[in-house]
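Understanding the architecture of this molecule
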Amino acid sequence: MASTIRVRATSSGETTEVQALIQHPMDSGFVKDAKGEIIPAHFIQQLTFEYDGKNVFTADWGGGVSKDPYVKFAFKGGKKGDDLKISWVDNKGATDTTTAKIQ
Amino acid sequence: MKRRSAITLVSAALAFAALTLASALPSDAADKVDPVADAKAFRKFFTDKFPKVKLEDFVNGPYSMNEDLYRQWQEKEQFPPYEFSLEMGKEMFSKPFKNGKSYADCFPNGGIGIRQNYPYFDEKEGKIITLELALNRCREANGEAPYSYVRDEMAALTAYMAFTSRGKPMDIKIPDDPRALAAYENGKEYFYTRRGQLNFSCATCHVQSPGERIRAEILAPALGIVNAMPIYRSEWSGMGTTSRRFTTCNSQIRGVPLSPQDDEYRNVEYYLSYVSNGLPISGPGARP
Amino acid sequence: MRNMMQKSALVLALLAAGAVSAPAAGSEDEFKAAYAAAETANKEAGKLRNQWTTTAATLAASKKAAEAGEFDKATASAKEAEALAKASIFQATSEKTRWKELEIR
């Protein structure tokens, strides 16, 4: 199956800018379907970006984050050609992970 | 006797004058429909109103109206929220039907790079055909169930087709056929007619108030407004079709929506597309 | 924008309010007559392709009140729905010519 994580990381001297788009329904658990039944909560609980063995960005999410979340941040360091590892875990225990090269 | 008839004559004259005044509106029935002049006036209205906006930027709707929004949108376009829907659309478009045929068999040039020609007037049928309608007819002609005009699948398909036409100028034709002219005029009338308990017409927001806010949203100008369709709306958390936008807008002004692809909707899409001829296709678009 | 909305809504609300008389003695027959009149007007608005969502909602509220036996409330709602439907008919008819006032020329 195709990865749910799209990521682009660009290094400019001292900092690396990261953008990621993650495909996930992010159901809050408060919305009802057409039949009037609650759509069960299904959302990413933790998202991590790892560089050189360390977490450079960690997100602890709840149901308030919208579908297909977009994240943008920058961290100090990061060299062109190095790996950046992204992983997420959701409330159902599902996970996905991908590794991108810093450009 | 004389006085009474004089009064009757005067009141008759007054009544006649009132009637004449009432019917002396800017455009009489005798006015010929002139789409070329309409389009010219339409374009001039918006370029005069927003002299700093480049003509081709009008297709970016609210982003062309507000600098801060524009900047945020440019950033987002590097990683557009509609990527997933667009990919799904491409997959759907390429997948053959159960009978072995595919969408490519229904459209000129295999359906690639043709979005800017829709809607068009079908001379055999005497009606306007939109891209959404053409897609569903293709499905039905090949034994497949039609898609809802307001859900994800149709949105994804039209997103892909729009994407293959990105940058191409809108190119709507009105053949020399009184039925085509009537459809165009009907679409124009729909656009300017006020409806719903809130008494809004499309023009109320998109001609009288582009760049201003309605609640928290910045309104888009009508020029080039269909060029960005279909749109990924953050409000919808997903991609939505032209049909979806027309019907939801109707309900928002407390008017009961017509059915998607009813004549009025097809005609207003025809009108809006025609007066935006020459402006580039920017679909699929992203909107707040 | 807001002023325009307020003005339009006010005018139309007044139109609707004006048509509602003081609550009469609650009778089922009165409700049925009022509801039928409202439905007829709304159907005519439908033929003009210009029904309002609020008309439908008010009709539904009227029916619900009647089902609960609250006939004076139901009749009042039905009369309001009729006024809304008639306003929507007026809107469609007058807009047939008035739309040209908004047209870009």
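Described below are features of the structure shown in this document. Once a new chain begins, its residue numbering starts again from 1 and follows that chain's sequence as written. Ligands are numbered from 1 and chains lettered from A, in the order in which they are written. Totals for whole chains, interfaces and linings use every residue, but because this is a predicted model, local features are given only for residues with pLDDT of at least 70 and side-chain atom pairs only at 80 or more, for both listing and counting.

1. A short note on the overall build of chain C
Rule in force here: A run of DSSP states H or I qualifies as a helix once it reaches four residues; a run of E qualifies as a strand once it reaches two. Both are numbered from the N-terminal end. Burial is judged by counting the other C-beta atoms within 10 Å of a residue's own C-beta: 20 or more makes it buried, 12 or fewer makes it exposed, and any count in between marks it as partly exposed, with every C-beta position built from the backbone. Two residues form a contact once the distance between their C-beta atoms, set from the backbone, is within 7 Å.
Along its length, chain C carries four helices and zero strands. Ordered by position from N to C terminus, the α and β elements of chain C give α-α-α-α. Burial status across chain C gives 36% buried among its 105 residues. In chain C, of all internal contacts separated by at least 6 residues, the share reaching a separation of at least 24 is 76%.

2. So, the pairing of strand β4 (residues 54-60) of chain A
Residue and element names in this part refer to chain A. In plain terms, the rule: Between any two strands, at least two bridges found by DSSP are needed for them to pair.
Within β4, only zero of the seven residues are buried, which leaves it mostly out in the open. In this structure, strand β3 (residues 44-51) lies alongside β4, joined through six bridges in antiparallel fashion. The residue bridging glutamate 50 from the neighbouring strand is asparagine 55, located in β4. Connecting β3 to the antiparallel partner β4 that follows it, the hairpin turn spans two residues, and aspartate 52 within it adopts a positive phi of roughly 55 degrees.

3. Structural notes on the sheet that holds strand β5 (residues 231-233) of chain B
Residue and element names in this part refer to chain B. For clarity, the threshold we go by: Orientation is described by axes fitted as lines to C-alpha atoms, over the contacting stretch for helices, and by angles from 0 to 180 degrees between their N-to-C directions.
The strand order across the open sheet formed by three strands is β6-β5-β7, and the pairing between neighbours is mixed. The sheet terminates laterally at β6 (238-240) and β7 (285-287), the two strands that pair on one side only. Averaged over all neighbouring strand pairs, the angle between strand axes comes to 35 degrees, with direction disregarded. Sheet topology places β5 next to β6; three bridges connect them, and they run antiparallel. In the strand pairing of β6, arginine 233 is matched with glycine 238.

4. Looking at the packing of helix α5 (residues 131-141) of chain B against helix α6 (residues 152-163) of chain B
Residue and element names in this part refer to chain B. This is how the line gets drawn: Put simply, angles under 35 degrees are roughly parallel, angles over 145 are roughly antiparallel, angles from 65 to 115 are roughly perpendicular, and the rest are oblique. Helix crossings fall into two classes, left-handed where the near helix is turned counterclockwise from the far one by less than a right angle and right-handed where it is turned clockwise.
Running from N to C, α5 and α6 cross one another at 110 degrees; their axes reach a closest spacing of 10 Å. Taken together, α5 and α6 sit at an angle that is classed as roughly perpendicular. Considering the relative orientation of α5 and α6, their crossing is right-handed. Residues Leu131, Glu132 and Leu135 of α5 touch α6, and the partners they reach there are Met154, Leu157, Thr158 and Met161.

5. A short note on the nonpolar core
To be explicit about the condition: When buried Ala, Val, Leu, Ile, Met, Phe, Trp, Tyr and Cys residues are joined through C-beta atoms within 7 Å, the set is termed a nonpolar core.
Among the nonpolar cores identified, the biggest contains 63 residues, and Leu157, Ala159, Phe191, Tyr270, Tyr271 and Leu272 of chain B are the most heavily contacted of them. Among the elements of the structure, α2 (35-49), α5, α6, α7 (178-192), α8 (202-206), β5 and α10 (263-274) of chain B are those that each provide at least two residues to this core. Per-element tally for this core: the top contributor is α6 of chain B, with eight residues. Once residues within four sequence positions are removed from consideration, alanine 159 of chain B is found in contact with Tyr82, Ser85, Leu86, Gly89, Pro230, Met239, Gly283 and Pro284 of chain B. Tyr35, Ala38, Ala81 and Leu84 of chain C belong to the second largest nonpolar core, which has 19 residues in total.

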